[in-house]
Amino acid sequence: MPSIMPDVANHASASYESTLDWVGMSQIELPLMFAVAGEAPRQVSSKVEAFVNLKDPKAKGIHMSRLYLLLDQLSNESSLSFHTLSQLLSDFISSHEELSTHAFVKFDFDLHLRRKALITEKQGWKAYPVTIVGQRKDGKVSVELKVNVPYSSTCPCSAALARQLIQEAFVTKFAGHKEVSMELVKDWLGTTQGIVATPHSQRSVAEVKVKLNHRVTDFPVIALIDAIEDALQTPVQAAVKRADEQEFARLNGQNLMFCEDAARRLKQTLNTLTEFDDFWLRVNHYESLHAHDAVAVTVKGVASGYVA
């Protein structure tokens, strides 16, 4: 008969007695079906962190394999939704009876969406980094959704300076003319001598975290991404033709934004969305003029909620 294998976690005592806030695993590779509100679940490839607290100061450790097997069961038998996430947290705790009272799980993955071009019928894939965080403490479940949305930001100051140079070039070009035909001005504006300067713009990223309320069943991630892009008006594109690129240039010109402008647009939009009890946002403008970035951070401002 095979010998009984030792179980140190169950039968050995801690060398130094103390409780621990979180114990578990990170970088767990896990394919999942992700329940997207209004659509069929989508398959994603996630990296997961799973933790419970260790309330028994004498216990040697937790049973990490139990956490892993519960995640594996979710991956094989269900999809990730608000309900299954809540149940997973409860199962983390019940699998560690007398050891744990709190549970934490985090899923990181890219959500790939087909996005249409601005004018033409071209389409392409865009990957949006998504993070889902669930916690269960004192019998209460909280679920957080985070998305990163890229967009373009054009500097209002740079645009004003470029316009001034164009005005000065116009005065220089047509000085001494009592009358100038519209056709001549139009042709001149179509040259590099006419548009002597352009404002600087840069790829930017909006990081948005929201606390989901308990009326949510599937994750409203696409609706959140759409709301962010609609508020900013200059989403980064996938497949484009020249007509789309021209429209992108127009949108940038009509939506000049400091990081403060972008943050205020998003704050106004997020305050109207009823699926979320709280939000935190950070906009990052990866400057082309400077070697540093321009950043703005703000929160909804609810009691005991997110802090900036």
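Preceding block: the structure.
What you see is a predicted model; the values in this text were computed from it and never measured.

**Here we look at the overall build of the chain**
Each helix and strand in the chain was counted, giving eight helices and eight strands. Radius of gyration (C-alpha) of the chain: 27 Å, far over the 19 Å computed for a compact globule of 308 residues. Here the C-alpha coordinates of the chain stretch approximately 105 × 40 × 40 Å along the principal axes. Taken across its 308 residues, the chain has 43% of its residues classed as buried. Contacts spanning at least 24 positions in sequence make up 69% of the contacts within the chain whose residues lie at least 6 apart. Looking at the chain, you have 32 positive and 36 negative side-chain charges, and the mean spots of the two groups are 4 Å apart.

**Some words on unusual backbone geometry**
Positive phi outside glycine occurs at Q233, with the angle close to 75°. Judged by its relative accessible area of 33%, Q233 is partly exposed. In this model, S304 sits at a positive phi of 60°, which is unusual for a non-glycine residue.

**Describing helix α7 (residues 242–254)**
With 13 residues, α7 should cover 18 Å at 1.5 Å per step; its first-to-last C-alpha distance of 18 Å lies within 8% of that length. Regarding α7, the residues found buried are D244, E247, L251 and N252. All buried residues of α7 fall inside an arc of 140° around its axis, so they share one side. Relative to its buried face, α7 has exposed residues pointing more than 90 degrees away, namely R242, E245 and Q246. Looking at the buried positions of α7, the neighbouring elements they touch are β5 (140–154) and β6 (201–212).

**Notes on the pairing of β6**
Examined bridge by bridge, β5 and β6 share 11 bridges and lie antiparallel to one another. Paired with V149 across the strands is A206, a residue of β6. Sheet analysis places β6 next to strand β7 (residues 276–285), joined by nine bridges and oriented antiparallel. Across the sheet, the residue bridging to V208 is L281, located in β7.

**Things to note about the pairing of β7**
With eight of 10 residues buried, β7 lies mostly within the body of the structure. Relative to strand β8 (residues 294–299), β7 is paired through six bridges, and the arrangement is antiparallel. Pairing of R282 across the sheet is with V297, part of β8.

**Focus on the side chain of T298**
With respect to the helices and strands, T298 occurs in strand β8. You can call T298 buried: its relative accessible area is 16%. Setting aside residues up to four positions removed in sequence, T298 forms contacts with A263, K267, W280 and L281.

**Quick word on the pattern of salt bridges**
All chains considered together, the criterion is met by nine salt bridges. A salt bridge links E121 to K116; the nearest nitrogen and oxygen atoms lie 3.9 Å apart. Judged by its relative accessible area of 64%, E121 is exposed. On the basis of relative accessible area, K116 is assigned to the partly exposed category, the value being 41%. Put simply, R282 and E207 hold a salt bridge, and the shortest N to O gap is 3.9 Å. Taken together, the residues R282 in strand β7 and E207 in strand β6 connect sequence positions 75 residues apart. Take R282: its relative accessible area is 30%, and that puts it in the partly exposed class.

Calculation notes
- Residues numbered from 1 in each chain as written.
- Predicted model: local features only at pLDDT ≥ 70, side-chain atom pairs only at ≥ 80, totals over all residues.
- Heavy atoms only, no water.
- Helix = DSSP H or I, 4+ residues; strand = E, 2+ residues; numbered from the N terminus.
- Rg over C-alpha atoms; globule rule 2.2 N^0.38 Å.
- Buried < 20%, exposed > 50% of the residue type's maximum accessible area, 1.4 Å probe, protein only.
- Contact = heavy atoms within 4.5 Å.
- Lys, Arg positive; Asp, Glu negative; His and termini not counted.
- Charge placed at Lys NZ, Arg CZ, Asp CG, Glu CD.
- Expected span 1.5 Å × (residues − 1).
- Arc of directions from axis to C-beta.
- Pairing = 2+ DSSP bridges.
- Salt bridge = Lys/Arg side-chain N within 4 Å of Asp/Glu carboxyl O.

Keep in mind these numbers describe shape, not what the thing actually does.
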